[in-house]
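Descriptive structure summary
Single-letter residue listing:
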Amino acid sequence: MTITGQGWELLVERLGLHAAGSVTRTYGRYQLFRNGVAADPRGHMCECPGPGDNAVEGSGLRIAPGRYPLWTQFGRFRTIGYRDSATPPGADPMPALRLEETGNRVAILIHPGHPPTPYLSSVGCLNPIKALAAGEPMDFADSRDRVIAMIDDLRAFSPGAFASATGTRIENAWVIIVGEPMDPLAR
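What you see is a predicted model, and the numbers here were worked out from it, not measured in a lab.

1. Some details on the pattern of salt bridges
Tallying each qualifying case throughout the model produces 11 salt bridges. The salt bridge involving Arg-34 is made with Asp-153; its shortest N-O contact spans 2.5 Å. In this pair, Arg-34 is assigned in strand S2 (residues 23-34) and Asp-153 in helix H1 (residues 140-157), connecting sequence segments 119 residues apart. Arg-76 is the salt-bridge partner of Asp-92, the closest N and O atoms lying 3.0 Å from each other. Remark: Arg-76 occurs in the loop between strand S4 (66-71) and strand S5 (77-78) and Asp-92 occurs in the loop between S5 and strand S6 (94-95); sequence separation between them is 16 residues. Where salt bridges share partners, they join Arg-14, Glu-47, Arg-62 and Glu-180 into one cluster.

2. Things to note about the pairing of strand S10 (residues 169-178)
Of all 10 residues that make up S10, 8 are buried, and the element is covered over most of its length. Bridging between strand S1 (residues 8-20) and S10 involves 6 bridges; their strand directions are parallel. Bridged to Val-12 within S10 is Ile-177. By the bridge criterion, 5 bridges tie S4 to S10 in an arrangement that is antiparallel. For Pro-69, the partnering residue across the bridge sits in S10 and is Trp-174.

3. Some thoughts on the pairing of S2
Pairing of S1 with S2 involves 12 bridges; the strand directions are antiparallel. Bridged to Ala-20 within S2 is Val-23. Taken together, S1 and the strand that follows it, S2, pair antiparallel across an intervening segment of 2 residues, in which Gly-21 is found at a positive phi of about 65 degrees. Of the strand pairs in this sheet, S2 and strand S3 (residues 37-47) are connected by 9 bridges, and their pairing is antiparallel. Bridging from a neighbouring strand, Gly-28 pairs with Met-45 of S3. Between S2 and the antiparallel strand that follows it, S3, lie 2 residues; Asn-35 among them carries a positive phi value of about 50 degrees.

4. Quick look at the packing of aromatic side chains
Scanning the model with the defined rule gives 0 aromatic pairs in all. Its end group placed over the ring of Tyr-119, Arg-25 keeps NZ or CZ at 3.8 Å from the ring centre. When the ring centre of Trp-174 is taken as origin, the NZ or CZ atom of Arg-169, which lies over that ring, is 4.6 Å away.

5. Some words on the environment of Ile-63
Take Ile-63: it is sitting in the loop between S3 and S4. Spatially, the C-alpha atom of Ile-63 lies 8.8 Å from that of Ile-177, the residues being 114 residues apart in sequence. Discounting residues that sit within four places of it in the chain, Ile-63 has contacts with Arg-14, Glu-47, Gly-52, Asp-53, Asn-54, Tyr-68, Leu-99, Arg-105, Ile-108, Gly-124 and Ile-177.

Rules behind the numbers
- Residues numbered from 1 in each chain as written.
- Predicted model: local features only at pLDDT ≥ 70, side-chain atom pairs only at ≥ 80, totals over all residues.
- Heavy atoms only, no water.
- Salt bridge = Lys/Arg side-chain N within 4 Å of Asp/Glu carboxyl O.
- Helix = DSSP H or I, 4+ residues; strand = E, 2+ residues; numbered from the N terminus.
- Buried < 20%, exposed > 50% of the residue type's maximum accessible area, 1.4 Å probe, protein only.
- Pairing = 2+ DSSP bridges.
- Phe/Tyr/Trp six-rings, centres within 6.5 Å; stacked < 30°, edge-to-face > 60°.
- Lys NZ or Arg CZ within 6 Å of the ring centre and 35° of its normal.
- Contact = heavy atoms within 4.5 Å.

Structure, rendered in C-alpha cells:
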C-alpha cells in the first residue's frame, strides 16, 4: 500500500521496534503528501508494538497497516479548542486528529506523546516526534508542535471540516500506514 497521489495523505512507514527495559514501541517515520508532492510536516512516529490488530478493542497493539480517513476529534484530545500552552506538559485538552474505519478499534488518534508515560503514550494511537534513539523518551513540546502542524495544514487544506466543534470527516485526507516490522532497530 502507498499513497494515491490525490488529496492530503500522511504516509507512516514503520521501521522496527525500540525497547527500553521492559517497554517496547514501534518506531517509524512520516511524510505528508499533498496531491502526490512531498511537503512538510515530516518526522518520526511512535506507536504500540505489533503485530497490527484492528479486531480486538483495546488490544494494546498498534493498528493494522491500511488507509484510514481523518476526522476532527473532541474530548480529552481535541482538534479545535486544545490548550494554548505546552505547560504544564500533558495538561488537557491536548491537540489531536482521529482515524476512522479502524475495525473494532476506537479512539485511534494522532496525539502528542505525553507524561506520565513519555516513552509510549498510546494504546493504538500515533505519536509524532523528532528522531529518537531506542531508549529515548518523547519530548512533549516537540510532539505537540508536530500534531499542531498537522492540524494547521489540514485546516488550510479543508477549512470546512473545522467550522464547528463536532467530529467531522476531513474530506480527501488520509493516513496510510505501511509495514509490520517485529524486529528491534539497532539505534
